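These are the residues of each chain, in order.
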Amino acid sequence: MKEIKTVNDFNFENQTALIRVDFNVPINEYYEIIDDTRIQYSIPTIQKIISEKGKIVLISHFGRPKGISSKTYSLKFLTHYLYKKLKINVFFHENCIGETVVKKVNELKNGEILLLENLRFYKEEEREDKNFAYELSKLGDIYVNDAFGVAHRFHTSITILPKFFGKKKCIGLLMKKEIQLLGQFSYGKGKRPITALLGGAKISSKIEVIENLIDFADYILIGGGMSYPFIKMKGGMIGNSMIEKDQIIEKTLKKIFFNKKMNIIHLPKDVIIADSFKNEANTKISPIHSIPNGWMGLDIGPFSIKKFCKIIEKSKTILWNGPVGVFEFSNFSLGTRLIAKSIANTTEKGAFSLVGGGDSIAALKMEKYDKKISYLSTGGGAMLASLKKNKIKILPGINAIK
Ligand code: AMP
């Protein structure tokens, strides 16, 4: 962290900060923001620069327009929102590069903000394009990356653009906070016991995280579809439960199995099985290692919920990413909802909790526990990428700032 500059290392007076933010917020059909966490967390960076009488150019992506401009994915709706939030002049320009944008930037007064249109209206954004980066680099004196949600992406505004700023580049305060908090897990710096709960369908996105955390955590709890590759490797019968298989997963799983700290990994012992993948399926409780053919595990069972909650309740530092069942189906959501409750209650009693990933945050919100969590990460993919073995320092967005 020491070799990475933050906005606190610069004085922005009379300087134009080109800030890469992640304003990819969920909205409803009326373009009302359903969850503005990502914007809220970037406000301290913006305020620091404004209070020093700097100027700001904001660049962000929004949705997946795949290089095509459209009203649906325009960022214009945020202009008024930002003005109301910050009580300062916020202008908008419908392009990201070109003479008219440069002119608009030059007209900015100290303490004003210019928000540019969706970066992904340019197909070059997702292609690490030097020319596009060069054109963007004309828009600021200091580059700031405060877009943790895309820090794991090899996109022009993340990895190439900072190269044009020499030493005048840094991370914002949102980014700094995410990296510091994740350090509690990836380097085991948090108060013990440290517990990580990983769930969801895809083991491929989390297996390297397990490989890393096994060296630092006290407990690793695994639930959801990603428990089945473990059960299968142990010789269990998993019926028609989902299983993601490939050679790399199998190789890494074997490595984990032979790690002398394998005993800190806890898998569900019982699961709710269903005879089809739908909410109204017939169900019963089964030991996870003997699921009959034609049946699939869709939630963790009562014994496992109890055991997982007991571990969470004695933990002082808790990380959660991924549901422990198909929580979108109400009949298979109990495990995830009770886990969310247990993490919220344990946080209220003084533990530190960090939750990331759209599904886990959605589950917390479903039960109105989100406000009780110590920190909701603004990036699910970036959070996982930074927790992989030895990866925190090489998140592309961070590497580009060094
Ligand atoms: P991921 O993107 O890997 O975090 O996976 C999230 C998805 O995993 C959610 O949509 C859940 O419905 C799904 N999921 C969790 N547990 C299971 C399971 N046992 N079988 C199938 N899908 C699951």
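Residues numbered from 1 in each chain as written. Predicted model: local features only at pLDDT ≥ 70, side-chain atom pairs only at ≥ 80, totals over all residues. Heavy atoms only, no water.

Enquirer: Would you take a moment to explain the pattern of salt bridges for this structure?
Expert: Side chains that differ in charge, positive against negative, can pair when their charged atoms come close. Using the criterion set out here, one finds 14 salt bridges in the structure. Residue Arg38 pairs with Asp22 through a salt bridge whose shortest N-O separation is 3.3 Å. Highlighted residues: Arg38 in helix 1 (residues 37-51) and Asp22 in the loop between strand 1 (16-20) and helix 1, separated in sequence by 16 residues. What makes Arg38 partly exposed here is its relative accessible area of 23%. A relative accessible area of 5% means that Asp22 is categorised as buried. One salt bridge in this structure joins Lys103 and Glu107, with 3.1 Å as the shortest N-O distance. Here Lys103 pairs with Glu107, and both are found in helix 3 (residues 99-107), just four residues apart, close to one helical turn. Since its relative accessible area comes to 55%, Lys103 is described here as exposed. (Salt bridge = Lys/Arg side-chain N within 4 Å of Asp/Glu carboxyl O. Helix = DSSP H or I, 4+ residues; strand = E, 2+ residues; numbered from the N terminus. Buried < 20%, exposed > 50% of the residue type's maximum accessible area, 1.4 Å probe, protein only.)

Enquirer: Is there a simple way to think about the domain arrangement of the protein chain in this case?
Expert: Where interface size is given, it is often the accessible area lost as the parts come together that is meant. For the protein chain, the assigned domains read domain 1 (7-176) and domain 2 (187-389). Centre-to-centre separation of domain 1 and domain 2, based on C-alpha positions: 35 Å. Each partner contributes residues to the interface: domain 1 has eight residues there, and domain 2 has 11 residues. With both chains or domains summed, domain 1 and domain 2 bury close to 760 Å², and 60% of this area falls on carbon and sulfur atoms. Contact with domain 2 buries area across many residues of domain 1, yet Tyr41, Phe148 and His152 alone supply 61% of it, more than any other trio. Across the domain 1-domain 2 interface, the total number found is one salt bridge. Between Lys365 and Asp35 there is a salt bridge whose closest N-O contact spans 2.4 Å. For the pair domain 1 and domain 2, the number of links is two residue pairs in polar contact (both at pLDDT 80 or more). Looking at the side of domain 1 that touches domain 2 residue by residue, the class counts come to three nonpolar, two polar and three charged. (Domains from an automatic or database assignment. Contact = heavy atoms within 4.5 Å. Buried area = accessible area lost by both parts, 1.4 Å probe. Polar contact = N/O pair within 3.5 Å; in protein donor to acceptor, adjacent residues only side chain to side chain. Nonpolar A, V, L, I, M, F, W, Y, C, P; charged D, E, K, R; others polar.)

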